[in-house]
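Coordinates in review
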Amino acid sequence: MQFRSIIRIVGLLLALFSVTMLAPALVALIYRDGAGVPFVTTFLVLLFCGGVCWFPNRQHKQELKSRDGFLIVVLFWTVLGSAGSLPFLIADNPSVSVPDAFFESFSALTTTGATVIVGLDELPKAILFYRQLLQWFGGMGIIVLAVAILPILGIGGMQLYRAEIPGPVKDSKMTPRIAETAKALWYIYLSLTIACALAFWLAGMTPFDAISHSFSTIAIGGFSTHDASMGYFDSYAINMITVVFLLISACNYSLHFAAFASGGVHPKYYWKDPEFRAFLFIQALLLLVCFLILLNHHSYDTVYDAFDQALFQTVSISTTAGFTTTGFSDWPLFLPVLLLFSSFIGGCAGSTGGGMKVIRILLLTLQGARELKRLVHPRAVYTIKLGGTALPQRVVDAVWGFFSAYALVFVVCMLALIATGMDELSAFSAVAATLNNLGPGLGEVALHFGDVNDKAKWVLVVSMLFGRLEIFTLLILLTPTFWRS
């Protein structure tokens, strides 16, 4: 294990992260809300800490192995989430406890979107902008950004990239060089953010709200600058824009790259992908079920209102964004539970969405169908094909392993929450909301997590990390084999 090289890299990345504190400080200056001091202070502290880690180890530039990459990713997300809590701790408004500050920071960075802060409409603009900015960086992964713009790291970036990017098959790259791949991802990510912000602005949002909500929409985060979330704007146009960009962001970014690299957006690149087709089918099915049940219960005055709310909430919850326009927990009980379970599927692999990813659910379904065929024809040989290509058995095994680990982590976290005194429904939905990086839950956590006890918040922080790092990246550090030289 190249410990000194790892410390050097974490120091550099921490110094890089410190620069992001200048953006909310600038917002504080523009709006004169007096909230700039915490960010300037945090900038100096993080820059100093990054320098302390980097300077003594600056000459250590050995090539990293795979396990070094896993350790760096886990270390940096843990350090970054902790460092991100400093502005919340220093600021006078909001006044939060240590567990609350860490919870809010990790929730933003992991794009979970669960908040412990109420009264968002009265908060300084700088604090609001900072929450959104954290989500935006967390959406694609700041380590991918670092690999793209910091070639001075002196490492083979593939180790970091493979540990960071979600999905069952991580060996494929869109371009030959990993740095070029990371740049391509960020160009697409930035372009979508700008397009989303312009659309929100044209639909009636203020420039501040448009930029802030574009950050959390493209990151599929779910944080808002208002307590009422997207319901604050009460606009059909804004709802539709949100839905469109959430669906785009929940798609595999390699599909976006293939479409744009060909000289224009060609639907064939999307439709040829079996995961994309499965994703659209799931969205359409959920929308149909929600729409028909809302009509049957006469939940809204008009058919159009019912369709608008069903479409928005279906896409928002199933892609793990967690935006709300209404108290969806007040819908007929079947619907909130259905949507909560849909968040376990989440977005496509290689997207900014959470959950287990559509591709894994598709592979599990195909594997189940294969086992049924084997029961009928025990001697027949069946292969699992995806897009006409037979998948190696190791991929199928890896998906089953992930599913087992996911279920184990879920059960352990849920039992831990119940042990802290949380009721069963709240515990189940809280773990679902954090492990899937969703945000809102049911019961005690339907609106916010401010009333959750401090011990439970620490458990949920760990759950967020497991969800953001795709279980294995964090779980592998707990095995004795990993630490053997």
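Residues numbered from 1 in each chain as written. Predicted model: local features only at pLDDT ≥ 70, side-chain atom pairs only at ≥ 80, totals over all residues. Heavy atoms only, no water.

Applied cut-off: UniProt positions are given in the numbering used here, feature names are shortened, and annotations may be inferred rather than shown by experiment.
The name an unreviewed UniProt entry assigns to the chain is Trk system potassium uptake protein, from the organism Vibrio sinensis. Quoted verbatim from the Sequence similarities (unreviewed entry) heading of the UniProt record, the comment on the chain is "Belongs to the TrkH potassium transport family."

As for the overall build of the chain
Filter applied, for reference: Each helix corresponds to a stretch of at least 4 residues labelled H or I by DSSP, and each strand to a stretch of at least 2 residues labelled E; elements are numbered beginning at the N terminus. The reference for a compact globule is 2.2 Å times residues^0.38; the radius of gyration itself is calculated from the C-alpha atoms. Partly exposed describes any residue whose relative accessible area lies between the buried limit of under 20% and the exposed limit of over 50%, with all areas from a 1.4 Å probe on protein chains only and scaled to the type maximum. In this analysis, two residues are considered to be in contact whenever any of their non-hydrogen atoms come within 4.5 Å of each other. Residue-level accessible areas treat just the shown protein chains as cover; the underlying method is Shrake-Rupley with a 1.4 Å probe.
In terms of helices and strands, the chain carries 23 helices and two strands. Over its C-alpha trace the chain gives a radius of gyration of 22 Å, about what one expects of a compact globule, namely 23 Å for 485 residues. If one aligns the C-alpha atoms of the chain with their principal axes, the spans along those axes are about 65 × 55 × 55 Å. For the chain, with 485 residues in total, the buried portion stands at 57%. The contacts in the chain between residues at least 6 apart in sequence include a share of 71% that link residues at least 24 apart. Roughly 20200 Å² of accessible area belongs to the chain as shown, and the carbon and sulfur atoms make up 67% of that amount.

Considering the packing of aromatic side chains
Just so we agree on the cut-off: To pair, rings of Phe, Tyr and Trp, with the six-membered ring standing in for Trp, must have centres within 6.5 Å; the planes then decide the type, stacked if under 30 degrees apart, edge-to-face if over 60, and tilted in the middle.
For the structure shown, the criterion picks out 26 aromatic pairs. Pairing Tyr-31 with Phe-208 gives two aromatic rings, centres 5.6 Å apart and planes at 75°, and the pair type is edge-to-face. Note that Tyr-31 is positioned in helix 2 (residues 22–31) and Phe-208 in helix 11 (residues 207–218), a separation of 177 residues in sequence. Note on Phe-208: relative accessible area 7%, which makes it buried. Ring centres of Phe-88 and Tyr-130 lie 5.5 Å apart, and the angle between their planes is 50°; on these two criteria the pair is classed as tilted. Here Tyr-130 lies in helix 7 (residues 125–140) and Phe-88 lies in helix 5 (residues 86–90), a separation of 42 residues in the sequence. The burial state of Phe-88 is the same as that of Tyr-130; both residues are buried.

Points about the UniProt feature "binding site: K(+)" (unreviewed entry) in the chain
Those residues carrying the UniProt feature "binding site: K(+)" (unreviewed entry) are Thr-111, Thr-112, Ile-220, Gly-221, Thr-320, Ala-321, Asn-437 and Leu-438 in this numbering. Despite a sequence span of 328 residues, these residues sit close together in the fold, their greatest C-alpha distance being 9.1 Å. The residue Ile-220 is located in the loop between helix 11 and helix 12 (236–249) in this model. Its relative accessible area of 1% is what places Leu-438 among the buried residues. Not counting the four nearest positions on each side in its chain, Leu-438 is found in contact with Thr-112, Gly-221, Ile-317, Thr-320, Ala-321, Gly-322, Leu-340, Ser-343, Ala-432 and Ala-433.

Side note on unusual backbone geometry
Here the amide bond leading from Asn-93 into Pro-94 is cis, since omega sits at 10°, within 30 degrees of zero. Considering the arrangement of structural elements, one finds Pro-94 in the loop between helix 5 and helix 6 (98–109). The phi dihedral of Ser-229 is positive, around 55°, even though this residue is not glycine. Relative to the helices and strands, Ser-229 is located in the loop between helix 11 and helix 12. For Asp-234, which is not glycine, the phi torsion reads 45° and is therefore positive.

A closer look at the packing of helix 12 against helix 16 (residues 303–318)
Here is the rule: Working convention: axes come from line fits to C-alpha atoms, limited for helices to the stretch in contact. Angles between N-to-C directions cover 0 to 180 degrees. Crossing handedness is defined as follows: a turn of the near helix away from the far one that is anticlockwise and smaller than a right angle gives a left-handed crossing, while the clockwise case is right-handed. All residues other than Ala, Val, Leu, Ile, Met, Phe, Trp, Tyr, Cys, Pro, Asp, Glu, Lys and Arg, Gly among them, are scored as polar; the first ten of these are nonpolar and the last four charged.
Here helix 12 crosses helix 16 at 30°, and the two axes come no closer than 9 Å. When the axes of helix 12 and helix 16 are compared, the crossing they make is left-handed. On helix 16, the residues touching Tyr-236, Asn-239, Met-240, Thr-242, Val-243, Leu-246 and Leu-247 of helix 12 are Tyr-304, Asp-305, Asp-308, Leu-311, Phe-312, Val-315 and Ser-316. The class makeup of the residues in the contact of helix 12 with helix 16 is nine nonpolar, three polar and two charged.

Here's the deal with the state of the cysteines
Counted only if it meets this: Cysteine sulfur atoms that come within 2.5 Å of each other are treated as a disulfide pair.
Applying the stated rule across the entire model yields zero disulfides. Not engaged in a disulfide, the cysteine Cys-49 finds its nearest cysteine sulfur in Cys-53; these two sulfurs lie 7.0 Å apart. With no disulfide of its own, Cys-290 lies closest to Cys-348 among cysteine sulfurs, the gap being 19 Å. According to the relative accessible area criterion, Cys-290 is buried, its value standing at 0%.

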